[in-house]
Amino acid sequence: MSVSSRPLNGLSRLDAEDRSPYQRLSQRMLDISGDRGVLKDVIREGAGELVTPDASVLVKYSGYLEHMDKPFDSNCFRKTPRLMKLGEDITLWGMELGLLSMRRGELARFLFKPTYAYGTLGCPPLIPPNTTVLFEIELLDFLDSAESDKFCALSAEQQSQFPLQKVLKVAATEREFGNYLFRQNRFYDAKVRYKRALLLLHRRTAAPEEQHLVETAKLLVFLNLSFTYLKLERPTMALRYGEQALIIDQKNAKALFRCGQACLLMTEYQKARDFLVRAQREQPFNHDINNELKKLASYYRDYMDKEREMCHRMFAPGDNGSTVGEN
């Protein structure tokens with residue numbers, strides 16, 4: 001009988017009782033490094049593909065020392081975690097190996113031996129020397145930027161050699177990056193990613209039976225760019241991309257709404273009303289569209305009041321009974 005299968009009696013039972021909490025926990029964890037330097041316990045299963053090398057990951061994590069209830073490091077207090085690139089932004093070898101074993105939506109607990117964590121020196125004053133640490137990690141999402149970056153670096157001629165599905169996939173990845181940056185309020189960076197996606201789609205000549213796939217992808221990017229330029233307070237560009245979206249889908253409520261918003265910012269009230277009324281026709285109960293129409297009505301009333309006041313001042317009699325400007 002092997003040692004691991006013997007009953008825990010006598011000295012063996014005492015040894016088990018003397019083990020630390022992390023040592024006891026490690027007995028039921030999966031070895032993913034091959035030397036028990038990184039151990040894993042899945043709390044909630046994920047779905048889809050495993051994280052790819054060089055991916056950018058969106059994670060929530062908390063790191064704990066043994067016998068301590070509060071984490072020594074955590075990003076769970078952040079409303080929106082920062083996107084981190086493997087091999088660059090993640091410095092713990094154990095965390096990188098752990099993430100490569102995870103799928104979207106997965107929640108797992110890991111033990112990292114010193115070699116895979118903070119080494120023989122630790123990280124004073126928080127981490128003592130030769131310390132095993134526990135991390136709980138939730139993988140919210142990941143984006144594979146390596147494939148996208150390599151593809152975007154190719155010439156238009158080289159890109160044309162790939163099947164359309166490859167181009168659409170890379171463009172979708174660029175757009176997903178843009179969406180993440182937009183949610184982080186990094187609007188300029190989001191715009192750059194959206195434009196990279198659009199350039200890929202513009203370069204591609206598709207067969208007639210596949211052109212609708214390209215147009216659908218373009219529509220999404222046009223809508224993203226229109227909204228982003230509104231955030232950047234550049235309504236002229238927002239209107240331009242909104243109108244590009246309407247060329248593809250003339251009844252698209254989002255495109256009509258963005259164009260209306262842009263015209264309102266440019267004080268082109270009649271054009272704003274035309275776009276917003278068309279948007280309302282497509283989505284009569286849309287709260288945002290109806291509120292924008294109310295805002296337009298209020299702005300227009302203020303504008304007309306100021307116009308009337310200006311006209312009154314221009315043509316009102318002066319103190320000597322003559323109109324302004326008369327001798």
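Just so it is clear, the model here is predicted, and its values are computed rather than measured. (Residues numbered from 1 in each chain as written. Predicted model: local features only at pLDDT ≥ 70, side-chain atom pairs only at ≥ 80, totals over all residues. Heavy atoms only, no water.)

A. Summary view of the overall build of the chain. If you tally the helices and strands in the chain, you get twelve helices and nine strands. Here the analysis covers contacts within the chain between residues at least 6 apart in sequence; of these, 63% occur between residues at least 24 apart. Of the roughly 19,400 Å² of accessible surface on the chain, 52% is carried by carbon and sulfur atoms. (Helix = DSSP H or I, 4+ residues; strand = E, 2+ residues; numbered from the N terminus. Contact = heavy atoms within 4.5 Å. Areas by Shrake-Rupley, 256 points an atom, 1.4 Å probe, with all protein chains shown as cover.)

B. Layout of the pairing of strand β2 (residues 38–44). Judged from the two bridges that link them, strand β1 (residues 30–31) and β2 form a sheet pairing that is antiparallel. Its bridge partner lying in β2, Asp31 is registered against Leu39. As consecutive antiparallel partners, β1 and β2 are separated by six residues, and within that stretch Gly34 has a phi angle of approximately 90 degrees, a positive value. (Pairing = 2+ DSSP bridges.)

C. Quick look at the packing of helix α6 (residues 164–183) against helix α8 (residues 211–231). Where α6 meets α8, the axes come as close as 11 Å, and the angle between the chain directions of the two elements is 20 degrees. Judged by the inter-axis angle, α6 sits roughly parallel to α8. Pair α6 / α8 crosses with left-handed handedness. The residues of α8 that touch α6, namely those facing Leu164, Gln165, Leu168, Arg175, Asn179 and Phe182, are Leu213, Val214, Ala217, Leu220, Val221, Asn224, Phe227, Thr228 and Lys231. Residues belonging to the contact of α6 with α8 are distributed by class as follows: nine nonpolar, four polar and two charged. (Axes fitted to C-alpha atoms, helices over the stretch in contact; angles between N-to-C directions. Parallel < 35°, antiparallel > 145°, perpendicular 65-115°, else oblique. Left-handed = near helix turned anticlockwise from the far one by under 90°. Nonpolar A, V, L, I, M, F, W, Y, C, P; charged D, E, K, R; others polar.)

D. Examining the confidence of the model for the chain more closely. On average, residues of the chain score 87 in pLDDT, and 87% of them are at 70 or above. Every residue in residues 1–11 scores below 50 in pLDDT, and together they form five contacts with partners more than four places removed in sequence or on other chains. For residues 321–327, every residue scores under 50 in pLDDT, and the model assigns this stretch seven contacts once sequence neighbours within four places are set aside. (pLDDT = per-residue confidence, 0-100.)

E. Region of the structure containing the pattern of salt bridges. Under the definition given, this model contains 14 salt bridges. Between Arg104 and Asp141 there is a salt bridge, with the nearest N and O atoms lying 2.6 Å from each other. Here Arg104, found in strand β7 (residues 103–104), pairs with Asp141, found in strand β9 (residues 133–143); they are 37 residues apart in sequence, far enough to count as distant. As a salt-bridge pair, Glu136 and Arg109 come within 3.4 Å of each other at their nearest N and O atoms. Residue Glu136 is found in strand β9, and its partner Arg109 is found in strand β8 (residues 107–112); the two are separated by 27 residues along the sequence. Among the charged side chains, a salt-bridge network with shared partners connects Arg28, Asp41, Arg109 and Glu136. (Salt bridge = Lys/Arg side-chain N within 4 Å of Asp/Glu carboxyl O.)

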